[in-house]
Amino acid sequence: MAKIFISYVMVLLSFWVSPTTAKTLSDLYDNTRIRMSRIQDASPEKINNEVKAVNSWLQGPISLQLTALPSTSSQGTDEYEMGVYVPFRSPEGQRLDQQQRDLSNLSEALHEERFSLLVSGVVREALWRRLSAQALVDGLEAKQQWLTSTGEVIAQKFSVGDIDRITYLRWQQERLSHQLALKKAQLALATATTYYQQVLGTEELPNNPAEETKSISEGNSQALLQQHPDLKLLKLGQSQLNLNYRLADQGLSPWTLGVIARQLRGVVGNENLVGVSINIPLTGGNTTTASDYAVWQDANNAMTEALAQTYTRLLLQMNEATNDYALSSEAQETLTEQIAIGEQITSLLQDQADSIPKVYWLEQLIAHQDLLIEQAQMRIRRQEAIAKMNQIAGVVL
């Protein structure tokens, strides 16, 4: 079902929404947000429920009561009465209504914040998927050029006997293996580019896709997690649950104001009476039923568990992304040293070309090319880890 929904959204994004252009990461986010907002509005499954304002004082419809009590005695008095009764909220009920309005407004703002983070996640995922695939293809194409130029030299030297057959076959093996790796990488890049265009509405990449390490530089990843929209929405749900429990209190029954007009008709004349009545329920506090309390307790326990699980999941994801960032940063430094050492080894092998097998020299050159590719990939992985940390911390683009 989830795959069907994603496919449906992607079809709408690619055909219903017009292409856009983006030059910065912020532009990419803004354009994608507009596109996803249109998709949300166009979705047939969207439920458009507007929160209606709670009447600040009226609780229920105004009622009209008519009473006629004719006397059966010749000396009796006929009685006619008309009353208008208005049920209205008690002061405590009005205070809880205001809390409900505040919660409704806060819920709308939090859902908007959550949607913004969702858009940021879509942009980040599509962007870094494509950049990672592009970096791999660029590295493999550079190695392909090296293999081609080196192969010409190897083939020429092999033809005159300067290089043994083992070295020549090793080059042929690497060439074939590399062709397959490059083909797979190109297919992955084509898939990532198509996904990028379908979801984000453009083929252009932002000028500077790198993000700042906000969660690391401030050293407050746990504090940022506490402000994550998912957690705030769960806390809001808990507040709504507690408010619903308080609204179930029978002590919040409406007060009733009545305006009564009565006429007495007797043998000595008529008498007109006008007055008011006030009906105030005399219930003590905490008059909810045991069933209401049991339902509230079960729901509150479930909400508390959901809060703990969500925070634990976010914290685990943050730790993994932080470790990935630290590992990729260290790996970059290590790879730089390895490449420098490899260049020295290549130079030494070149000087000793007559005394060692040529295949050793070729293996070192191949390893050097692979290190260059890995270094470029690790540079992308480090920037992607920063984007992941910001996404987990709830940082919107």
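Here the structure is a predicted model, which means the values were calculated and not measured.

What counts, and at which threshold
- Residues numbered from 1 in each chain as written.
- Predicted model: local features only at pLDDT ≥ 70, side-chain atom pairs only at ≥ 80, totals over all residues.
- Heavy atoms only, no water.
- Helix = DSSP H or I, 4+ residues; strand = E, 2+ residues; numbered from the N terminus.
- Buried < 20%, exposed > 50% of the residue type's maximum accessible area, 1.4 Å probe, protein only.
- Contact = heavy atoms within 4.5 Å.
- Pairing = 2+ DSSP bridges.
- Axes fitted to C-alpha atoms, helices over the stretch in contact; angles between N-to-C directions.
- Parallel < 35°, antiparallel > 145°, perpendicular 65-115°, else oblique.
- Left-handed = near helix turned anticlockwise from the far one by under 90°.
- Nonpolar A, V, L, I, M, F, W, Y, C, P; charged D, E, K, R; others polar.
- Salt bridge = Lys/Arg side-chain N within 4 Å of Asp/Glu carboxyl O.

### With respect to the overall build of the protein
- A tally of helices and strands in the protein yields 9 helices and 4 strands.
- For the protein, the α and β elements follow one another from N to C terminus as α-α-β-β-α-α-α-α-α-β-β-α-α.
- Looking at the protein as a whole, 35% of its 397 residues are labelled buried.
- Within the protein, residue pairs in contact and separated by at least 24 positions form 80% of the contacts whose partners lie at least 6 positions apart.

### Topic: the pairing of strand 4 (residues 269-279)
- With 11 bridges connecting them, strand 3 (residues 255-266) and strand 4 associate as antiparallel partners. Note on strand 4: the bridge partner recorded for R262 is L273.
- Linking strand 3 back to strand 4 in an antiparallel pair, the connection comprises 2 residues.

### Focus on the environment of M318
- Tracing the sequence through the fold places M318 in helix 8 (residues 290-351).
- Separated by 93 residues in sequence, M318 and L225 have C-alpha atoms that sit 8.8 Å apart.

### Topic: the packing of helix 4 (residues 165-200) against helix 9 (residues 358-392)
- Following both chains from N to C, one finds helix 4 and helix 9 inclined at 20°, their axes separated by 8 Å at the closest point. Between helix 4 and helix 9, the angle falls in the class roughly parallel. For helix 4 against helix 9, the interelement crossing comes out right-handed. Of the residues in helix 9, those touching helix 4 at I166, T167, R170, W171 and E174 are K358, V359, L362, E363 and I366.
- Here the contact of helix 4 with helix 9 is composed, by residue class, of 5 nonpolar, 1 polar and 4 charged.

### Topic: the pattern of salt bridges
- All told, the structure shown has 11 salt bridges when counted by the stated rule.
- Here R170 makes a salt bridge to E174, at a shortest N to O gap of 3.3 Å. Taken together, the residues R170 and E174, both in helix 4 and 4 residues apart, mark about one turn of the helix.
- On the accessibility criterion, R170 (17% relative accessible area) is buried.
- Across the pair D324 and R381 runs a salt bridge whose closest N-O atoms are separated by 2.7 Å. Of this pair, D324 sits in helix 8 while R381 sits in helix 9, and the two are 57 residues apart along the sequence.
- We classify D324 as buried; its relative accessible area is 17%.
- Overall, the relative accessible area of 33% leaves R381 in the partly exposed class.

### Some thoughts on the pairing of strand 2 (residues 78-88)
- Examined bridge by bridge, strand 1 (residues 63-69) and strand 2 share 7 bridges and lie antiparallel to one another. What sits directly across from T67, in strand 2, is E81.
- As paired strands, strand 2 and strand 3 are joined by 11 bridges and run antiparallel to one another. When the sheet's bridge partners are listed, M82 is paired in strand 3 with A261.

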